[in-house]
Amino acid sequence: MVNQSNKLITGSEEWCKFIDLSIPAIKARVDSGARTSAIHALNIKTFQRNGSSWVSFDVYPLQNNRKTVINCEAPIHDRRTVKSSSGSTEKRYVIKTSIAMGEQSWDIELTLTNRDAMGYRMLLGREAMKGRLLVDPEESFMFGTLEDSELLDLYRPKNCRNGV
């Protein structure tokens, strides 16, 4: 859904995907009170590739599911101190990647952090929404819902062959 200023209208929670990270679906809390976006990442390790600093990390994209894991790598865009909602500060790696919601996609900055204690594996902050989204806090999943069976299919390994 789009309004007169061509901004997407989103609910307070939405399914997103990160094609560059091979993440076909992750439920995000859309939070205009948060400045930066964050994704649940574990086993964060830095390394060098062709003279540039990169980061590898594991994403467990589905809440309460420790079996589904996506191994990711991305160039490091920045490293910032981020203040959490509880008031504590943490130094986080920042990557730039493309997010897709509905039929649209755009580049965002995404911080890597352990969100195990949070209700959502991803937080979409206002910097990522700027100029693109309007939030209707009464709504959810304005771009569609995903059933458990659809999620399992999205995360089923594609390179497995049945039979021979």
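Notes on the structure follow. On a predicted model such as this, the values are computed, not experimentally measured, just so you know.

Reading guide: rules and limits
Residues numbered from 1 in each chain as written. Predicted model: local features only at pLDDT ≥ 70, side-chain atom pairs only at ≥ 80, totals over all residues. Heavy atoms only, no water. Helix = DSSP H or I, 4+ residues; strand = E, 2+ residues; numbered from the N terminus. Buried < 20%, exposed > 50% of the residue type's maximum accessible area, 1.4 Å probe, protein only. Areas by Shrake-Rupley, 256 points an atom, 1.4 Å probe, with all protein chains shown as cover. Lys, Arg positive; Asp, Glu negative; His and termini not counted. Charge placed at Lys NZ, Arg CZ, Asp CG, Glu CD. Phe/Tyr/Trp six-rings, centres within 6.5 Å; stacked < 30°, edge-to-face > 60°. Lys NZ or Arg CZ within 6 Å of the ring centre and 35° of its normal. Core = buried A, V, L, I, M, F, W, Y, C linked by side-chain atoms within 4.5 Å. Contact = heavy atoms within 4.5 Å. Salt bridge = Lys/Arg side-chain N within 4 Å of Asp/Glu carboxyl O. 1 Å grid on protein atoms, 1.4 Å probe; cavity = no way out; pocket = protein on both sides within 12 Å on 5 of 7 lines; lining within 4 Å. Points joined across faces, edges and corners; volume = space filled by probe spheres on them.

Things to note about the overall build of the protein
Argument step 1. A tally of helices and strands in the protein yields two helices and 12 strands.
Argument step 2. Each helix and strand of the protein, placed in order from N terminus to C terminus, yields the pattern β-β-β-β-β-β-β-β-β-β-β-α-β-α.
Argument step 3. The principal-axis extents of the C-alpha atoms in the protein amount to approximately 50 × 45 × 30 Å.
Argument step 4. Buried positions account for 40% of the 164 residues belonging to the protein.
Argument step 5. Total accessible area on the protein stands at roughly 9800 Å², and carbon and sulfur atoms take up 44% of it.
Argument step 6. Taking the average location of the 23 positive side-chain charges in the protein and that of its 20 negative ones, the two points are 7 Å from each other.

Some details on the packing of aromatic side chains
Argument step 1. Applying the stated criterion across every chain, the model contains two aromatic pairs.
Argument step 2. Each ring, one from Trp15 and one from Phe141, has its centre 6.4 Å from the other, and the planes form 25 degrees; the classification is stacked. Pair noted here: Trp15 is in strand β2 (residues 13–18) and Phe141 is in the loop between β12 (133–135) and α2 (148–154), with a separation of 126 residues, a long-range link.
Argument step 3. Residue Phe141 is classed as buried on the basis of its relative accessible area of 19%.
Argument step 4. Arranged with centres 6.2 Å apart and planes meeting at 35 degrees, the rings of Phe47 and Trp54 form a pair that is tilted.
Argument step 5. A relative accessible area of 18% means that Trp54 is categorised as buried.
Argument step 6. A cation over an aromatic ring shows up here: Arg49 above the ring of Trp54, its NZ or CZ 4.3 Å from the ring centre.
Argument step 7. The ring of Tyr93 is capped by Arg79, whose NZ or CZ atom sits 4.5 Å from the centre of that ring.

Section: the nonpolar core
Argument step 1. Judged by nonpolar contacts, the single largest core of 34 residues is most densely connected at Phe18, Ile23, Phe57, Ile99 and Leu124.
Argument step 2. Elements represented by at least two residues in this core include exactly β2, β3 (23–30), β6 (52–59), β7 (70–75), β9 (89–101), β10 (104–113), β11 (122–124) and α1 (126–129).
Argument step 3. When residues in this core are grouped by element, the largest group, five residues, is from β3.
Argument step 4. Aside from chain neighbours lying at most four places away, what touches Ile23 is Lys17, Phe18, Ile39, Val59, Pro61, Ile70, Cys72 and Tyr155.

Comments concerning the pattern of salt bridges
Argument step 1. The tally for this structure, following the rule as stated, stands at nine salt bridges.
Argument step 2. Ionic pairing is found between Arg66 and Asp116, a salt bridge with its closest N-O pair at 3.0 Å. Of this pair, Arg66 sits in the loop between β6 and β7 while Asp116 is found in the loop between β10 and β11, placing the two residues 50 residues apart along the sequence.
Argument step 3. Asp116 sits in the partly exposed class, given a relative accessible area of 33%.
Argument step 4. A salt bridge links Asp116 to Arg121; its shortest N-O distance comes to 3.1 Å.
Argument step 5. Within the structure, one salt-bridge network assembled from shared partners comprises Arg35, Glu127 and Lys130.

Things to note about the layout of surface pockets
Argument step 1. By volume, the largest pocket is sized at about 500 Å³.
Argument step 2. Around the largest pocket sit 20 residues that line it, and Lys83, Ser84, Ser85, Arg92 and Leu123 are the ones nearest its centre.
Argument step 3. Contributing elements (two or more residues each) for the lining of the largest pocket: β8 (78–83) and β9.
Argument step 4. In terms of residue count, the dominant contributor to the lining of the largest pocket is β8 (four residues).
Argument step 5. Around the second largest pocket sit 14 residues that line it, and Trp15, Lys17, Pro24, Gly102 and Phe143 are the ones nearest its centre.
Argument step 6. Counting residues per element, the ones that place at least two in the lining of the second largest pocket are β2, β3 and β9.

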